[in-house]
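Structure at a glance
Chain by chain, the residues run as shown.
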Amino acid sequence: MTTPAYAAQSATTPLAPFDIERRAPLPTDVAIDILFCGVCHSDLHQAHNDWKGTTYPIVPGHEIVGRVSAVGDAVKKFKAGDLVAVGCMVDSCRTCASCVRGLEQYCEKVNTQTYNSPDPHSGKMTYGGYSKRVVVDEAFTLKLSEDVDMASAAPLVCAGITTYSPLRHWKVGPGMKVGVVGLGGLGHMAVKFAHAFGAHVVLFTTSAGKTADGKRLGADEVVVSKDPAAMAAQAGKLDFILDTVSAEHDLNAYLALLKLDGTLVLVGVPDKPLPVSPFSVIMARRSFAGSGIGGVAETQEMLDFCAEKGIACDIEMIRMDQVNEAYERLLKGDVKYRFVIDMASLKS
Ligand code: NAP
Ligand code: ZN
Ligand code: ZN
């Protein structure tokens, strides 16, 4: 099925209209009309080939919300008309130790990403959500409540789960002092979740102008990281830090803020290595770790948690043809706090 989309043809060309083919639904497939798609900084990194793994043309987009238009004969969980979401993965091996534990994002064999991943069906690369339609196996399709605002829910399936999963894994909760570094798409959800889990939340931002928003979103304290005295005042005070920064920055400045046995988890993916001084981790037996999105079951758990607690993303809605401008703004840290594309703006 020919489907309108937006693609980048090289690392230096803006995204522009591009037709793609979507497969006819196989027995376990769900065909989805895309209503909204969030704009993740990973879309920008990959469109610009920051991580050196991009195959062109690339159609980004892995924060997809839409309605089911048709299902394959063997589909059990979905029917036409259902509201659904698709995040960063569309398949995995389903049999390795990670997949069996519901950690498909750490599949040891093949993890098919929603875009820029070898597509076993087409023999080409997968194409993402900056498009009118997508066809996904039901095992990687998520249910979305009719009670939520669809556009504000779209970024939950990347920005939401990427912050929810490490906060749950490291058991963030009452009595803990938790730092969040960077107030963008991921950071604003990290602040909301850490607050909802009962932690004392300290937001670290380079943007003094985001202080009031940080507090409104759930931070108990906001530290402007360019202020050396404010940073020094937090030294050795934090149990856990989630670092969502998309660009090069000094990890040692944040490791120094952890208590004995504290952990800093990196979810941001800058395009260059980030040096860690041995003393930053040795001095207080600190841990430095990373975390990638979340598995299918945990993503569904997070969507259900958000629907129940009324948690959603703060979004700026854009038209498909404004995506290049949105990328420019993301590079300046100028987003409040996730761009979401209204796919009705892309003509069929
Ligand atoms: P975003 O909306 O652009 O937010 C990033 C924030 O980082 C900015 O708003 C800014 O916050 C801060 N920042 C930017 N440049 C900085 C610099 N030079 N120094 C210090 N702080 C800076 O990006 P996002 O969509 O949240 O994504 C964040 C990162 O996570 C990206 O690298 C993305 O690829 C990655 N990611 C990883 C996963 C995963 O599974 N691990 C999943 C999704 C995304 P302030 O203005 O508050 O300083
Ligand atoms: Zn993402
Ligand atoms: Zn696997």
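All figures in this text were calculated on a predicted structure; none of them were measured in a lab.

Attention now goes to the overall build of the protein chain. Check the secondary structure of the protein chain and you find eleven helices and 17 strands. The globule rule puts the C-alpha radius of gyration for 348 residues at 20 Å, and the 20 Å found for the protein chain is close to it. Seen through its C-alpha atoms, the protein chain measures out along the principal axes to roughly 60 × 40 × 35 Å. Looking at the protein chain as a whole, 57% of its 348 residues are labelled buried. For the protein chain, long-range pairs separated by at least 24 residues make up 67% of all intrachain contacts whose partners lie at least 6 apart in sequence. About 14,500 Å² of surface is accessible on the protein chain, with carbon and sulfur atoms providing 56% of the total. Across the protein chain, 34 positive and 39 negative side-chain charges occur, with their mean positions spaced 3 Å apart.

A word on the sheet that holds strand β14 (residues 258-266). Pairing is parallel across the open sheet formed by six strands, whose spatial order is β12-β11-β10-β13-β14-β15. The open sheet has two free edges, formed respectively by β12 (221-224) and β15 (287-290), since each of these has just one partner strand. Here the strands of the sheet are splayed against their neighbours by 20° on average, with no regard to which way each runs. The pairing of strand β10 (residues 177-181) with strand β13 (residues 238-243) spans four bridges and is classified as parallel. Counterpart to Val-180 in the pairing with β13 is Leu-242. Where helix α4 (residues 159-169) meets the sheet, it contacts β10, β13 and β14, and its direction lies at approximately 155° from that of β13.

Time to look at the site of ligand 1. In the vicinity of ligand 1, 31 residues are found, and the nearest of them are His-41, Thr-205, Thr-206, Ser-207 and Arg-338. In the environment of ligand 1, an oxygen atom lies 2.7 Å from a nitrogen or oxygen atom belonging to the side chain of Lys-210. Notes on ligand 1: free accessible area 920 Å², of which the protein chains cover 89%. Of all elements in the fold, only α1 (41-47) and α5 (185-196) reach the threshold of two or more residues within the shell around ligand 1. With three residues, the top contributor of residues to the shell around ligand 1 is α1. For the shell around ligand 1, the residue count by class is twelve nonpolar, 16 polar and three charged. Residues from two domains meet in the shell around ligand 1; each of domain 1 (2-158 + 314-345) and domain 2 (160-290) gives at least three.

Counting residues in each nonpolar core, the largest one holds 91 residues, and the members touching the most others are Val-39, Tyr-130, Leu-167, Phe-193 and Val-323. The residue makeup of this core includes at least three contributed by each of domain 1 (2-158 + 314-345) and domain 2 (160-290). Excluding residues that lie within four positions of it along the chain, Phe-193 makes contacts with Gly-160, Thr-163, Tyr-164, Leu-167, Met-302, Phe-305, Cys-306 and Ile-311. In terms of nonpolar packing, the next biggest core, distinct from the first, is built from 16 residues, Val-181, Ile-241, Leu-258 and Leu-264 among them.

A separate point is the coordination of the zinc ion (ligand 2). Put simply, a metal with four donors set out as a tetrahedron has ideal angles of 109.5 degrees, and one with six donors set out as an octahedron has ideal angles of 90 or 180 degrees. Coordination of the zinc ion (ligand 2) by the protein comes from Cys-40 (SG), His-62 (NE2) and Cys-158 (SG), over a distance range of 2.0 to 2.2 Å. Every donor residue of the zinc ion (ligand 2) comes from the same chain, spaced as C-x21-H-x95-C. Remark: Cys-158 occurs in the loop between α3 (150-153) and α4 and Cys-40 occurs in the loop between β3 (29-39) and α1; sequence separation between them is 118 residues. Each of the two residues, Cys-40 as well as Cys-158, counts as buried.

Another point: the domain arrangement of the protein chain. The domain boundaries assigned to the protein chain delineate domain 1 (2-158 + 314-345) and domain 2 (160-290). In this complex, domain 1 contributes 13 residues to the contact, which on the side of domain 2 involves 18 residues. Roughly 1,300 Å² of surface becomes buried between domain 1 and domain 2 when both sides are summed, with 49% attributable to carbon and sulfur atoms. Connecting domain 1 to domain 2 are two salt bridges. In this assembly, domain 1 and domain 2 are joined by 14 residue pairs in polar contact (both at pLDDT 80 or more). Of the residues belonging to the side of domain 1 that touches domain 2, the class tally is six nonpolar, three polar and four charged.

Conventions we followed
Residues numbered from 1 in each chain as written. Chains lettered and ligands numbered in written order. Predicted model: local features only at pLDDT ≥ 70, side-chain atom pairs only at ≥ 80, totals over all residues. Heavy atoms only, no water. Helix = DSSP H or I, 4+ residues; strand = E, 2+ residues; numbered from the N terminus. Rg over C-alpha atoms; globule rule 2.2 N^0.38 Å. Buried < 20%, exposed > 50% of the residue type's maximum accessible area, 1.4 Å probe, protein only. Contact = heavy atoms within 4.5 Å. Areas by Shrake-Rupley, 256 points an atom, 1.4 Å probe, with all protein chains shown as cover. Lys, Arg positive; Asp, Glu negative; His and termini not counted. Charge placed at Lys NZ, Arg CZ, Asp CG, Glu CD. Pairing = 2+ DSSP bridges. Axes fitted to C-alpha atoms, helices over the stretch in contact; angles between N-to-C directions. Near = heavy atom within 4 Å. Polar contact = N/O pair within 3.5 Å; in protein donor to acceptor, adjacent residues only side chain to side chain. Nonpolar A, V, L, I, M, F, W, Y, C, P; charged D, E, K, R; others polar. Domains from an automatic or database assignment. Core = buried A, V, L, I, M, F, W, Y, C linked by side-chain atoms within 4.5 Å. Donors = N, O, S within 2.8 Å, 3.2 Å for Na, K, Ca; no water. Buried area = accessible area lost by both parts, 1.4 Å probe. Salt bridge = Lys/Arg side-chain N within 4 Å of Asp/Glu carboxyl O.

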